[in-house]
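The lines below spell out each chain.
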Amino acid sequence: MSKILVSDPIDQAGIDILSQVAAVDVKTTLKPEELIEIIGEYDALMIRSGTRVTQEIIEAGTQLKIIGRAGVGVDNVDVPAATRKGIVVVNSPEGNTIAAAEHAIAMMLSMSRHIPDANASVKRGEWDRKTFVGAEVYKKTLGVVGLGKIGSHVANVAKAMGMKLLAFDPFISRERAEQLGCQLVDLDLLVQQSDYITLHIPKTPETTHLINAEMLAKMKPTTRIINCARGGIIDEQALAVAIQQGQIAGAALDVYESEPLKDSPLKSLGKEIILTPHLGASTTEAQVNVAIDVAEQIRDVLLGLPARSAVNIPGLSPDVLQELKPYMQLAETLGNLVGQLAGGRVELFNVRLQGELATNKSQPLVIAALKGLLYQALRERVNYVNANIEAKERGIRVIETRDASVRDYAGSLHLEATGTLGTHSVTGALLGEKEIHLTDIDGFPINVPPNKHMLFTLHRDMPGIIGKLGSILGSFNVNIASMQVGRKIVRGDAVMALSLDDPLPDGILSEITKVPGIRDAYTVTL
Ligand SMILES: NC(=O)C1=CN([C@@H]2O[C@H](COP(=O)(O)OP(=O)(O)OC[C@H]3O[C@@H](n4cnc5c(N)ncnc54)[C@H](O)[C@@H]3O)[C@@H](O)[C@H]2O)C=CC1
Ligand SMILES: O=C(O)C(=O)COP(=O)(O)O
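As a convention, each chain's residues are numbered from 1 in the sequence order in which they are written. Here the convention is simple: chains get letters from A, ligands get numbers from 1, in the order in which they are written. In view of the model being predicted, local features appear only for residues whose pLDDT reaches at least 70, and side-chain atom pairs are presented and counted only at 80 or more, with totals across whole chains, interfaces and linings using the full set of residues. Only hydrogens and water are removed before side-chain values are computed, so all heavy atoms of the structure are retained for them.

> What exactly am I supposed to notice about the site of ligand 1 here?
Neighbouring residues are identified by heavy atoms, a residue being near a molecule or strand if any of them is within 4 Å of it. For ligand 1, the set of nearby residues contains 25 residues, the closest of which are Lys-149, Ile-150, Asp-169, Ile-201 and Cys-228. Whenever two N or O atoms come within 3.5 Å, that pair is a polar contact, provided that in protein one can donate a hydrogen and the other can accept it, and provided that, for residues adjacent in sequence, both atoms are side-chain atoms. A distance of 2.9 Å separates an oxygen atom of ligand 1 from a polar backbone atom of Ile-150. To be clear on the numbers: accessible area is Shrake-Rupley with a 1.4 Å probe, and residue cover counts the displayed protein chains and nothing else. For ligand 1, whose unbound accessible area comes to 860 Å², protein coverage reaches 87%. Looking at the shell around ligand 1 residue by residue, the class counts come to 13 nonpolar, eight polar and four charged. When residues are sorted by character, Ala, Val, Leu, Ile, Met, Phe, Trp, Tyr, Cys and Pro go into the nonpolar class, Asp, Glu, Lys and Arg into the charged class, and all the rest, Gly among them, into the polar class.

> Explanation requested: the sheet that holds strand 6 (residues 141-145) in the structure shown.
The seven strands lie next to each other as 8-7-6-9-10-11-12, forming an open sheet whose pairing is parallel. Edge positions in the open sheet fall to strand 8 (182-184) and strand 12 (273-275), since each of these has one partner strand only. Averaged over all neighbouring strand pairs, the angle between strand axes comes to 20 degrees, with direction disregarded. Strands were regarded as paired on the criterion that DSSP finds at least two bridges between them. A run of H or I in DSSP counts as a helix once it spans at least four residues, and a run of E counts as a strand once it spans at least two, with each numbered from the N terminus. As judged from the four bridges shared by strand 6 and strand 9 (residues 196-199), these two strands associate in the parallel manner. Within strand 9, the position partnered with Val-145 by the bridge is Leu-199. Whether two residues are in contact is decided by their heavy atoms, any of which lying within 4.5 Å being enough. Geometry is summarised by axes, namely lines fitted to C-alpha atoms with helices restricted to the contacting stretch, and by angles between N-to-C directions that run from 0 to 180 degrees. Contacts from helix 5 (residues 97-112) reach strand 6, strand 9, strand 10 (224-227), strand 11 (250-253) and strand 12, with the element oriented near 150 degrees to strand 10. Helix-sheet contacts for helix 11 (residues 236-244) involve strand 10, strand 11 and strand 12, and the interaxial angle to strand 11 is about 145 degrees.

> I'm lost on the UniProt feature "domain: ACT" (unreviewed entry) in the protein chain in this one. Help?
UniProt positions are given in the numbering used here, feature names are shortened, and annotations may be inferred rather than shown by experiment. As recorded in UniProt, the sites labelled "domain: ACT" (unreviewed entry) are residues 454-526. Between the end C-alpha atoms of residues 454-526 the distance is 8 Å, and the span holds 23% helix and 42% strand.

> Would you mind showing me how to read the site of ligand 2 here?
Every residue close to ligand 2 is listed here: Arg-48, Ser-49, Arg-69, Ala-70, Gly-71, Val-72, Gly-73, Asn-96, Arg-230, His-278 and Ala-281. Between ligand 2 and Arg-69 there is a distance of 2.8 Å, counted from an oxygen atom to a side-chain nitrogen or oxygen. In the environment of ligand 2, an oxygen atom lies 2.6 Å from a nitrogen or oxygen atom belonging to the side chain of His-278. Contact with the protein chains covers 90% of the free accessible surface of ligand 2, which is 310 Å². Along the lines of polarity and charge, the residues of the shell around ligand 2 split into three nonpolar, five polar and three charged.

> Explanation requested: the sheet that holds strand 5 (residues 88-90) in the structure shown.
Strand pairs in the sheet, formed through backbone hydrogen bonds, run parallel or antiparallel to each other. Pairing is parallel across the open sheet formed by five strands, whose spatial order is 2-1-3-4-5. One side of each edge strand has no neighbouring strand; the edge strands of this open sheet are strand 2 (22-26) and strand 5. For this sheet the average axis-to-axis angle between neighbouring strands, irrespective of direction, equals 15 degrees. Along the sheet, helix 1 (residues 12-19) contacts strand 1 (2-6), strand 2 and strand 3 (44-47); its crossing angle with strand 2, the most-contacted strand, is approximately 145 degrees.

> Can you help me understand a nonpolar patch on the surface in this one?
Patches here are clusters of residues that have more than 30% relative accessible area and form no salt bridge, with a 9 Å joining cutoff for like charges and a 5 Å cutoff for nonpolar side chains (Val, Leu, Ile, Met, Phe, Trp, Tyr). Definition used for salt bridges: Asp or Glu carboxyl oxygen within 4 Å of a side-chain nitrogen of Lys or Arg. A grouping of Ile-466, Ile-480 and Met-483 is seen on the molecular surface, where their side chains present a nonpolar patch of about 220 Å² in accessible area. If you trace the backbone, Ile-466 turns up in helix 16 (residues 465-475).

> Honestly, the nonpolar core in this entry has me stumped. Any pointers?
In summary, soluble globular proteins display a tendency toward joint burial of nonpolar side chains. In this text, buried Ala, Val, Leu, Ile, Met, Phe, Trp, Tyr and Cys residues form a nonpolar core when linked through side-chain atoms within 4.5 Å. For every residue, the accessible area (1.4 Å probe, protein chains only) is compared with the maximum for its type, and the residue is labelled buried under 20%, exposed over 50%, or partly exposed between those bounds. Counting residues in each nonpolar core, the largest one holds 72 residues, and the members touching the most others are Met-46, Ile-298, Phe-349, Leu-438 and Phe-456. Here the element with the most residues in this core is helix 13 (residues 318-342); it accounts for 10 residues. Setting aside anything within four residues of it in sequence, one finds Phe-456 in contact with Leu-337, Leu-341, Leu-438, Ile-441, Met-496, Ala-497, Asp-520, Ala-521, Tyr-522 and Val-524. Residues Leu-166, Ile-201, Ile-225 and Leu-253 belong to the second largest nonpolar core, which totals 31 residues.

Shown next as C-alpha cells:
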C-alpha cells in the first residue's frame, strides 16, 4: 500500500480522501532533518506553506511521486529539483482565492480604521476615540499589483466600495484590466498615485524587493500598503524606515521574508502597521477547498491518472485535461509501440496531431507520446513531468505538427520515430471515444486494437506466408489471438499485425525472418 506524509495542518476532508488509497501519516512538527530522515518511506507528500521542500528533501524522497501543495504558492518547493526527479508538483490554484482576497480587503479596512489597536485599547479598559480617527476608502485610489485571480477579486470588491482602481500587471491585457474597472499603468505611476497599494503577485527573482526604498520614496505620505501575497516582495527593513519616517502612512502584512516572523523592526511600530501570521488562506471554506482539491490529485496520481493542476506539467488545465484524457492513453500507447518498432536510439520524433486534435490545446498529447516512446528505456522513471527533459538529455529532437484536414476519425495521432535503425511510423485513433485502434503501421492501413504481446511483419503479399508464420508460432507454443494484413496493392508489400496470447520466446524472430517473402519482423510488448 502507498504511504502519504502530511507535514502541515490539512483539513480532515483531505485526509479522508488520501486514506482511500494509502496509509496516511500526519506529522506537522517535523524539523527539516527529521523530514529528510523519514521522507524515503513515502510515495506522496502533502504540505502547506509551513514545510520547505528543499532539493535535499527531494533527493531523500526516493519513492516520492507527487508533492501536493494545499494552497497556491509553491515558492517553498524546489520545483526544478522535483521536475528533474520526475516528481509531480500540484497545487490548488483557486481553492483559497476568495479567502486571500477577503483578507486583503479586511487588512485595508482594519488599517484604515485602526481596528486592531482600538480593540486592544477597549480591552485594556480605555475609551479613546481621538487616537483612532481613521480614513475612508471611498473615492480613494487602490493600486493593485498583480491582476490575477486574487487581485481581480480584490478589484471587484474595491470597485463596489467606490474606489478608483489602478493596476500593474505586465502579463494582463488592457481589455481585461478595463473589464475589471482598472486602469493599467506602469508601477511607477501606480505607486505615485495610489492611496492604497495591494500586492497579489508571486515571489520570483523579478518580484523580490519590488517594493524597495526607492519605490517607497515615490509614495504619498498618506499611502498604505498591503501585502497578502508573499514575504520578500517588500523590503521589510526599508518599509520599517519609511513608516518610522512618515514617508508612508502604514502597512498591513500577512507574509514575511522569513516565517514565522521573529526579531523584526516591524514589530516595534505602532498602530500604523498590522501584522497577521500568514492567515490569508485560513478560512474554514478555503481549507476544505484546498484539502479536497489537492488530496484528489494525490489520489489520482497514485492511481496512475494525470493531475489536473500540476505546476510542472505544461498545459494541463482541468478542462483541457478532461477533454484530452481519453487521448492521453492513445498517445502513450502509440509512443511505446513506435519506440519498439524503431528499436535502437531514436534521434527524431515527429508527432502529428490530426483532425480535431490539431489545436494548441492538444500539446499534452505530445508529452504523453514522448513518455510512451521513452518507456522502454526508462520504465516507471519516465512520466509526464520529466519526459521532455529526458528526451532532451537523450538528444531526441521532437517535432510537433498539426493537420486538421485528416478526417478519417474525429481525432487521430500519427507518430514517426527515426533512429539508428531506420524510420517507423504508427497512426491510431479512438473508436467509440475510448477504444484505441491502430489504423496504420509504416504507411500500411490496418485496424487492430493494441494487445499486450504483438508481432508485426513486413512482407511480400503472396500465398503461403501466413501459413508458414502460423506454423512457426505454433512450434514455439505461441497462441495467435487475432491477425490482420494491411496492404496498399495486391501482391505488393504488406504489413501483418498479430495479437498474441503469449510473449514471444527468444530466437523466434530469426526463424520468422528466414521465411521467404518476410523482410522484417518486430515484437512489441505493451
Ligand atoms: N497570504 C496567503 O495566505 C495567500 C497568498 N497567496 C499568494 O497570492 C499571490 C497571488 O495569487 P493568485 O492571484 O492566485 O495568483 P495568479 O497567478 O492568479 O496571479 C498572479 C498575477 O501576478 C502577475 N504577475 C506576475 N509577475 C508579475 C510582476 N513581476 N509584476 C506584476 N504582476 C506580475 C501575473 O500576471 C498574474 O496575473 C501569490 O503569491 C500567492 O502565493 C495566495 C493564497 C493565499
Ligand atoms: O496558498 C498560498 O499561497 C498561501 O500562502 C497559503 O498558505 P497556507 O496554506 O495557509 O500555509
